[in-house]
2 protein chains.
Amino acid sequence: MSESAIPALSTWVEVPKNSDFTIYNLPFGVFKNKKLSPRIGIAIGDKIVDLSVLDQEGFFSSFFLPEGIFLKDSLNELIELGKTQTKKIRERVQQLLLAENEELRDHSARGKVMVNRKEAEMLLPVKIGDYTDFYSSIEHATNVGKMFRDPENALLPNWKHLPVGYHGRASSIVVSGTPIHRPKGQFKDPDMEKPAFGPSRRLDFELELAFITGKSTKLGDSVSTSEAEDYIFGFVLFNDWSARDIQAWEYVPLGPFLGKNFGSTISPWVVTLEAIEPFRVQGPSQDPEVLDYLKCENPHSFDIQLEVAIQPEGKSASKICTSNFKYMYWNIAQQLAHHTVNGCNINVGDMMASGTISGATEDSFGSMLELSWKGTRPVKLADGEERRFIEDGDTVIMKGFSEKDGIRVGFGEVSGQILPAKN
Amino acid sequence: MSESAIPALSTWVEVPKNSDFTIYNLPFGVFKNKKLSPRIGIAIGDKIVDLSVLDQEGFFSSFFLPEGIFLKDSLNELIELGKTQTKKIRERVQQLLLAENEELRDHSARGKVMVNRKEAEMLLPVKIGDYTDFYSSIEHATNVGKMFRDPENALLPNWKHLPVGYHGRASSIVVSGTPIHRPKGQFKDPDMEKPAFGPSRRLDFELELAFITGKSTKLGDSVSTSEAEDYIFGFVLFNDWSARDIQAWEYVPLGPFLGKNFGSTISPWVVTLEAIEPFRVQGPSQDPEVLDYLKCENPHSFDIQLEVAIQPEGKSASKICTSNFKYMYWNIAQQLAHHTVNGCNINVGDMMASGTISGATEDSFGSMLELSWKGTRPVKLADGEERRFIEDGDTVIMKGFSEKDGIRVGFGEVSGQILPAKN
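Parameters at a glance
Residues numbered from 1 in each chain as written. Chains lettered and ligands numbered in written order. Predicted model: local features only at pLDDT ≥ 70, side-chain atom pairs only at ≥ 80, totals over all residues. Heavy atoms only, no water. Phe/Tyr/Trp six-rings, centres within 6.5 Å; stacked < 30°, edge-to-face > 60°. Lys NZ or Arg CZ within 6 Å of the ring centre and 35° of its normal. UniProt positions renumbered as here; feature names shortened; annotations may be inferred. Helix = DSSP H or I, 4+ residues; strand = E, 2+ residues; numbered from the N terminus. Pairing = 2+ DSSP bridges. Buried < 20%, exposed > 50% of the residue type's maximum accessible area, 1.4 Å probe, protein only. Polar contact = N/O pair within 3.5 Å; in protein donor to acceptor, adjacent residues only side chain to side chain. Salt bridge = Lys/Arg side-chain N within 4 Å of Asp/Glu carboxyl O. Contact = heavy atoms within 4.5 Å. Buried area = accessible area lost by both parts, 1.4 Å probe. Nonpolar A, V, L, I, M, F, W, Y, C, P; charged D, E, K, R; others polar. Least-squares fit on C-alpha atoms with pLDDT ≥ 70 in both. Domains from an automatic or database assignment.

(A) Summary view of the packing of aromatic side chains. Across all of its chains, the model carries 26 aromatic pairs over all chains by this definition. Centre to centre, the rings of Phe-365 of chain A and Trp-373 of chain A are 6.3 Å apart; their planes meet at 40 degrees, and the pair counts as tilted. Among the aromatic residues, those joined into a ring-pair cluster are Phe-211, Phe-235, Phe-302 and Phe-325 of chain A. Arg-408 of chain B extends its terminal NZ or CZ atom over the ring of Phe-401 of chain B, reaching a point 3.8 Å from the ring centre.

Structural data, given as structure tokens:
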């Protein structure tokens, strides 16, 4: 566990108080604006460091990077260079941004390198190969089990023995800000004689964090828990939109399908594993003892504060949930070791989401299903509004950040508005 | 329904009797050999028509094709040109191969165009975006329900109302001939107190057919049953390897995961929808009536004979199952309409598999699970062998073809050998 103090750094870039994008963070993203074609940048404060311009100006001349590596519409090729290279690039940018470093600060290209974040359009940061969703919060799984199965035996027998997960749809993962139409589909409530078709009546979000794989394996190979972090490039916030009525009717016996695959939304800035290293913590203890291939020598949990707000159209946003990534029963190393223990191969740009991150208290539940307890307890919002599920026009906003010794590393936000169902 | 006789065609290429790759078929594939880099070809008899050479020699000069469109390691970019173009290309090749056509037959480049299939290595034909597996055979779903749930209520309540499906893993789909290591994983048989870890003891195949999408949609858009075939490029045989013991322990409540994602194997030649058009038949009647969005104006089933053989290492192959694609309760148009009715977007190169294709008789069951009835009835093979499930060294071979009026259109085969679990 990293208990050492974080060395204090200061930068010549003006970074607003409480910015997620401090000199300690430096996440990677893909952006464009009215003048600039898609390219890779690193966020700091309200600026984006345009890595392609830094490269053209010779700031990476000793790195032997492939030509045009930053003039891409996804991070995949950059990530494929390997962690040694991407770490060096991020460290070089950190060095260039230090208050005392004059290389970029006093360079004539500084204005061209530093792009305003406000004027940039963020793109989906990676071409996602396969997407997996885990179900790793014991509080979430227990809540769902209580509601839909047996309150006395809420967890299924396998839950504490393996990180339950399933394959999701990669094509419909979109970047923050992309509106989503309310899905239509089949549902059959217990009081209905026959299934009906129409817009979902119980639309929900799920508060999740997802990691992006940074190294591939061959079919047949496995990744151990101790190797797992070498295969993880970074993290994004993940809103796993869910249509509860469609899901309830379809999911037996093969799992969620149309109740989920109409859209998932991720935050645009990929926060590296290195950036959240100072916030590593011991995870929950696991009882019963897990099988050998799931045992970990070191902690793989991270203290990342999470929150969700709902903003009805034309009204103000209300925070409805505060949770933390450290609550997760199964950690990222266990997830990846389990996923590959049968020889399933991974590629650079695969996405593996945590599953809904709920805490123990009622205000830390990571979905409307839990917050409104299946719609029985409306959640109060500002302006006299209340919600059981998500309504048309609502924007759901998730935020995440780590803070320690006055140092902050955050994800920005992932937001998405729900539009009415299409005709 | 297409009841018209197929016009008789003859070709100057020598096509062995009972070849799947007749002048009526002309499937697309990607191949290389010792001398040739990956490229796209069309199979006929024991030959491959090298489309890149045809193109270089000007045989497609009026088509305005992008340069090098056939010098690719996947069909994706070719398929993306659209059905109008790919149909024209296939028809042009058919024309060039006709007995009476001298253009290619008497051309000096003929030797360079016609590559021996035996010397070619077939590659995975498409870069698969997302992979979905349906569960559309009523006989298979009923068998599984009888074995694991209630023999009196074998089908779950949703089964006849929607084509149940789930997302699978695209990364581990490999081309015919690729060996697969027996997966390791967790299992807990009913008589075990705790879960254990080790090589799967109940390894199985699933006989399936999969379609490849040929046209993309935008997030939020749907494809109706009447439009569906415009979005389908062609078909391959699909072996959905399954580890029954791993699957049984993990699959509740989110569906199959490690019991499936260690590998799926497809046949290399993509048989187009146009090629199987003459074999279109009316599918099973559906009762209860389906919801409007699942109704079809025209038949979307196809009479494709399917068979599975097991070949123990160093022994001869034994046919253990004969089935037919026409048995499927849910057809491809219903599958695609359902998949997109909630706005889920599709991309060129997505793969959608049928689920295990079982018939009504015991010799038509499409998996060992059903053929050996959960391992209780060993299946007899040649040479005194018998099998409950697949053993190390076994090769599973699936074949598929349509035949009518002496005209044959087939898939060739998909085969895969199971190697012992890795250490």
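Still more to cover.
(B) Representation of the UniProt feature "active site" (unreviewed entry) in chain A. The positions that UniProt labels "active site" (unreviewed entry) are, in the present scheme, His-140 of chain A. Among the structural elements, His-140 of chain A can be located in helix 6 (residues 138-148).

(C) Region of interest: the sheet that holds strand 25 (residues 395-404) of chain B. Residue and element names in this part refer to chain B. An order of 9-26-25-20-21 is seen for the five strands of this open sheet, with the pairing classed as mixed. Because the sheet does not close on itself, it has two edges, and the strands there are strand 9 (180-181) and strand 21 (318-324). Of the strand pairs in this sheet, strand 20 (residues 305-311) and strand 25 are connected by seven bridges, and their pairing is antiparallel. Note that in strand 25 the partner of Leu-306 across the bridge is Gly-400.

(D) Local environment of helix 9 (residues 332-340) of chain B. Residues and elements named next belong to chain B. A large share of helix 9 lies buried, amounting to nine of its nine residues. Along helix 9, the residues classified as buried are Ile-332, Ala-333, Gln-334, Gln-335, Leu-336, Ala-337, His-338, His-339 and Thr-340. Of the residues flanking the start of helix 9, the one acting as N-cap is Asn-331, its side-chain oxygen 3.0 Å from the backbone nitrogen of Ala-333.

(E) Focus on the sheet that holds strand 25 (residues 395-404) of chain A. The strand order across the open sheet built from five strands is 9-26-25-20-21 (chain A), with neighbouring strands paired in mixed fashion. At either end of the open sheet lies a strand with only one pairing partner, and these are strand 9 (180-181) and strand 21 (318-324) of chain A.

(F) Expanded view of the pattern of salt bridges. Residues and elements named next belong to chain A. Tallying each qualifying case throughout the model produces 66 salt bridges over all chains. Here Lys-295 and Asp-292 are joined by a salt bridge, their closest N and O atoms 2.8 Å apart. According to the relative accessible area criterion, Lys-295 is partly exposed, its value standing at 35%. Taken together, the shared-partner salt bridges in this structure form one network comprising Asp-204, Glu-206, Asp-240, Arg-244 and Lys-260.

(G) How the structure looks around the pairing of strand 3 (residues 47-50) of chain B. Residues and elements named next belong to chain B. Here strand 2 (residues 39-44) runs beside strand 3; their pairing, made up of four bridges, is antiparallel. Bridge assignment links Ala-43 to a residue of strand 3, and that residue is Ile-48. What sits between strand 2 and strand 3 in their antiparallel hairpin is a turn of two residues, with Gly-45 showing a positive phi close to 55 degrees. Pairing geometry for strand 3 and strand 4 (residues 114-116), over three bridges, is antiparallel. Note on strand 4: the bridge partner recorded for Lys-47 is Asn-116.

(H) Structural context of the interface of chain B and chain A. Of the residues lining the interface, 56 residues belong to chain B; the matching set on chain A comes to 56 residues. When the two sides are added together, the surface that chain B and chain A hide from each other amounts to roughly 5200 Å², 62% of it contributed by carbon and sulfur. One can count six salt bridges joining chain B with chain A. The residue Asp-350 of chain B makes a salt bridge to Arg-169 of chain A at a minimum N-O spacing of 2.6 Å. In this structure, the connection of chain B to chain A is made through 28 residue pairs in polar contact (both at pLDDT 80 or more). Among the elements that make up the side of chain B that touches chain A, the one with the highest residue count is strand 7 (residues 165-168) of chain B (four residues). Residues of the side of chain B that touches chain A, tallied by class, amount to 30 nonpolar, 18 polar and eight charged.

(I) Geometry of the relation of the copies chain B and chain A. When chain B is brought onto chain A, the operation consists of a screw motion whose angular component is 180 degrees and whose axial shift is 0.0 Å, with 0.0 Å RMSD remaining. The transformation just described matches what one would write down for a two-fold rotation axis. No C-alpha of chain B lies nearer the rotation axis than that of Gly-255 of chain B, which sits 2.1 Å from it. A shared binding surface is used by both copies, with 100% of the interface residues of chain B retained as interface residues in chain A.

(J) Expanded view of the domain arrangement of chain A. All names here are of chain A. Partitioning chain A into domains gives domain 1 (3-123) and domain 2 (131-419). Each of domain 1 and domain 2 was reduced to a C-alpha centroid, and the two centroids are 29 Å apart. Counting each side, the surface lost to burial between domain 1 and domain 2 is near 2300 Å², with a carbon and sulfur contribution of 64%. Looking only at domain 1, the three residues that lose the most surface to domain 2 are Ile-6, Ile-79 and Lys-83, adding up to 27% of its buried area. In this assembly, domain 1 and domain 2 are joined by two salt bridges. Measuring nitrogen to oxygen at the nearest pair gives 2.9 Å for the salt bridge that ties Asp-20 to Arg-408. If you list the elements that add at least two residues to the side of domain 1 that touches domain 2, you get strand 1 (28-32), strand 2 (39-44), helix 2 (76-80), helix 3 (83-97) and strand 5 (121-123).

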